[in-house]
Amino acid sequence: MEAVLAENVNILYDSYRAVEGLNFKLEEGETLLLLGPNGAGKTTLLKTISGFHRSYEGKLLIFGKEPAEAKELISYVPQSHSLNEVVPLKAIEVVSVGAIYKEGFFHFRFPKNAIKKAKEALNFVGLKHEAEKPFNKLSGGQKQRVLLARALISNPKLLLLDEPLSALDPSARAEVAAVLGKIKREKKITMIITTHDINPLIEIGDKVMLLNKKLIAFGSPEEVLRDEIIKSVYGPLARAIKVESRLYCITGDVHLMGGHL
Amino acid sequence: MIPEYLIRALLASVMISVLLGLLSPLINMKGLAFLTHATFHSLLFGAVLGMILGLIFENLELVMWTALIITIVVVLTIAELEKKGFTPDAAVGIIASFVAGLTVLSFGILYKVMAEKPYFPFSENIVSYLTGEVFLITLNDLLTLVIGGAFIFFLMILLYRDFLYISFDPEGVESYGGNVRVYLMILYVIVGAIGALIVKTVGLITLQVIAVLPGAIAMMVSSNIKKILAVSLFLTLTVELLSIVMAYKTNIPPSGIATIMLGAIYGVLLFRR
Ligand SMILES: Nc1ncnc2c1ncn2[C@@H]1O[C@H](COP(=O)(O)OP(=O)(O)OP(=O)(O)O)[C@@H](O)[C@H]1O
Ligand SMILES: [Mg+2]
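What you are looking at is a predicted structure, and each value in this text was computed from that prediction instead of being measured.

K.L.:
Just checking my understanding: could you explain the overall build of chain B for this structure?
P.N.:
Helix and strand content of chain B: 11 helices and zero strands. Each helix (α) and strand (β) of chain B, taken in turn from the N terminus, gives the series α-α-α-α-α-α-α-α-α-α-α. Taken over C-alpha atoms, the radius of gyration comes to 19 Å for chain B, in line with the 19 Å a tight globule of 273 residues would show. Once the C-alpha set of chain B is aligned to its principal axes, its extents read approximately 60 × 50 × 35 Å. Relative to its 273 residues, chain B shows a buried fraction of 52%. Restricting the contact set of chain B to residue pairs at least 6 apart, pairs at least 24 apart contribute 80%. Roughly 12100 Å² of accessible area belongs to chain B as shown, and the carbon and sulfur atoms make up 73% of that amount. In chain B, 14 positive and 15 negative side-chain charges are present, and the distance between their average locations comes to 8 Å.

K.L.:
Can you help me understand the layout of surface pockets in this one?
P.N.:
In this model, the largest pocket occupies a volume close to 900 Å³. Around the largest pocket sit 27 residues that line it, and Glu82(B), Pro170(B), Val180(B), Arg181(B) and Leu184(B) are the ones nearest its centre. Listed by contribution, the elements that provide at least two residues to the lining of the largest pocket are helix 2 (33-56), helix 3 (62-83), helix 4 (88-116), helix 7 (170-175) and helix 8 (180-202) of chain B. The element contributing the most residues to the lining of the largest pocket is helix 8 of chain B, with five residues. Tallied by class, the residues present in the lining of the largest pocket amount to 14 nonpolar, five polar and eight charged. In this model, the second largest pocket occupies a volume close to 650 Å³. The wall of the second largest pocket is formed by 23 residues, among which Glu93(A), Arg161(B), Leu164(B), Ile225(B) and Lys226(B) lie closest to the centre. Looking at the lining of the second largest pocket, the elements with two or more residues in it are helix 2 (91-100) of chain A together with helix 6 (139-168) and helix 10 (225-250) of chain B. The dominant element in the lining of the second largest pocket, judged by the number of residues it contributes, is helix 6 of chain B, at six residues.

K.L.:
Is there a simple way to think about the interface of chain A and chain B in this case?
P.N.:
Accessible area lost upon the coming together of the parts is a frequently used measure of interface size. Each side of the interface is counted separately: chain A has 32 residues, and chain B has 27 residues. Summing the contributions of chain A and of chain B, the shared interface buries around 2800 Å²; its carbon and sulfur component is 62%. When residues of chain A are sorted by the area they lose upon contact with chain B, Pro88(A), Tyr101(A) and Phe105(A) head the list and together hold 24% of the total. Counting every contact that joins chain A to chain B gives three salt bridges. Our count for the contact surface shared by chain A and chain B stands at 12 residue pairs in polar contact (both at pLDDT 80 or more). Contributing elements (two or more residues each) for the side of chain A that touches chain B: strand 5 (74-77), helix 2 and helix 4 (140-152) of chain A. The dominant element in the side of chain A that touches chain B, judged by the number of residues it contributes, is helix 2 of chain A, at six residues. Tallied by class, residues from the side of chain A that touches chain B come to 18 nonpolar, eight polar and six charged.

Here is what the cut-offs are and how they apply
- Residues numbered from 1 in each chain as written.
- Chains lettered and ligands numbered in written order.
- Predicted model: local features only at pLDDT ≥ 70, side-chain atom pairs only at ≥ 80, totals over all residues.
- Heavy atoms only, no water.
- Helix = DSSP H or I, 4+ residues; strand = E, 2+ residues; numbered from the N terminus.
- Rg over C-alpha atoms; globule rule 2.2 N^0.38 Å.
- Buried < 20%, exposed > 50% of the residue type's maximum accessible area, 1.4 Å probe, protein only.
- Contact = heavy atoms within 4.5 Å.
- Areas by Shrake-Rupley, 256 points an atom, 1.4 Å probe, with all protein chains shown as cover.
- Lys, Arg positive; Asp, Glu negative; His and termini not counted.
- Charge placed at Lys NZ, Arg CZ, Asp CG, Glu CD.
- 1 Å grid on protein atoms, 1.4 Å probe; cavity = no way out; pocket = protein on both sides within 12 Å on 5 of 7 lines; lining within 4 Å.
- Points joined across faces, edges and corners; volume = space filled by probe spheres on them.
- Nonpolar A, V, L, I, M, F, W, Y, C, P; charged D, E, K, R; others polar.
- Buried area = accessible area lost by both parts, 1.4 Å probe.
- Salt bridge = Lys/Arg side-chain N within 4 Å of Asp/Glu carboxyl O.
- Polar contact = N/O pair within 3.5 Å; in protein donor to acceptor, adjacent residues only side chain to side chain.

Written out as structure tokens, the structure reads:
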């Protein structure tokens, strides 16, 4: 069964179509890198798949279920700038959010098994010793890894990541990309990752989608990341280059635009 | 020999400090200062309306209950508007302007009703709602404050972690299965209910400051939630009790003294940065 199946999907904000005529299939265990300029509809697509945004037309199935019915199977990691870091939570408390809302309404007491799971998840992302540190004192790469740990704690079958690399410096990008690679290898979770910078992720991408309101291209990295396709979205300065059998994309000043206000 | 009214005032202050000490950091973290402000305006509206009803039915208990009900209706309406997609600021702004207009209107009615019932003992005048009358609270007021306060206190403790989590990342809580809207609604109602419980003792003019500053100060001096709570509780308690004692000696309304003390501490901390 496909992890994600989209047939003629239109996604709407009231009467405005943010995404049109989308068709694609993602197999279980595959990683999809979702590319596109600002306003292309990347976040919109993730929110629709995760069941957050419900206004769409067409057929959209997640492991054979409608998005709203598939919530249990999905973890969604929003862009990290949406966090209110004035609230002084510890890393482990942030991670535990992924577990405790499965049951109970009052969470005065931290359930023991949530602590255990949170510790395991932090271990997995290499933050064993940061559990008790305040989240807002961690580095950008560490924060993103904490959010990954939080997403993993509920054992999702589909992981949706909205710009996990944005606002990180190159070494932190590599650090987060390494954890994403580990998730793919060891947990075999299907992932959809939006990014403006494909280069650190190209090794884990089985599929690449180029989106700009409509589907521009979908396929393996080699198929999609060709000069003429990239130029059609990112403009004449963009190109794809291969260095020592690694594929790189140069998309002009899009990297700068990748930062969020 | 300590006079009984002073003991009542001190006990009331302890309860108030505990409630505000806990609530204040949340107001700051969740960015609810503007909502708090609107809440306190609706308390004034509710109080004036309550006085009208109180005079008509010759029962001044109605004042606090009307204020409580009006305030809760107002916060729920604000929450509903937010649900409809208004930003918190817009929702508060719309409601606050209605409430302000209604308050002025109801003052007009209040004066008429007062003129018709000159014989009714009108001890709870509107000024006590503005400046606070901690030395005038009755045993009955104190009981209401302690029982209502204890209930809200436990509710807040039970949900404190959830309130922190929805302040930190509402989308995250939602996506992992938490009902953010319900938590937020409860938090709003708590803000309104605490306001209604304590407005008569603390006074409307200074309520806003006393609800916001302790948390703001605590967050300046610490970045750990337990310490923030400890500092906020300690600060409200000290300032409240000190102001009662000073007011007893000097005859200046205590809420004024408390506010000036908090303002001074906040100012000094800002200055030292
Ligand atoms: N809540 C909303 N209501 C109405 N329109 C929206 C809403 N959210 C997004 N849009 C519109 O939908 C389109 C796609 O937005 P989206 O945020 O999905 O883009 P994106 O590809 O994630 O961009 P970015 O790279 O900037 O994150 C944009 O035109 C945007 O203005
Ligand atoms: Mg986006």
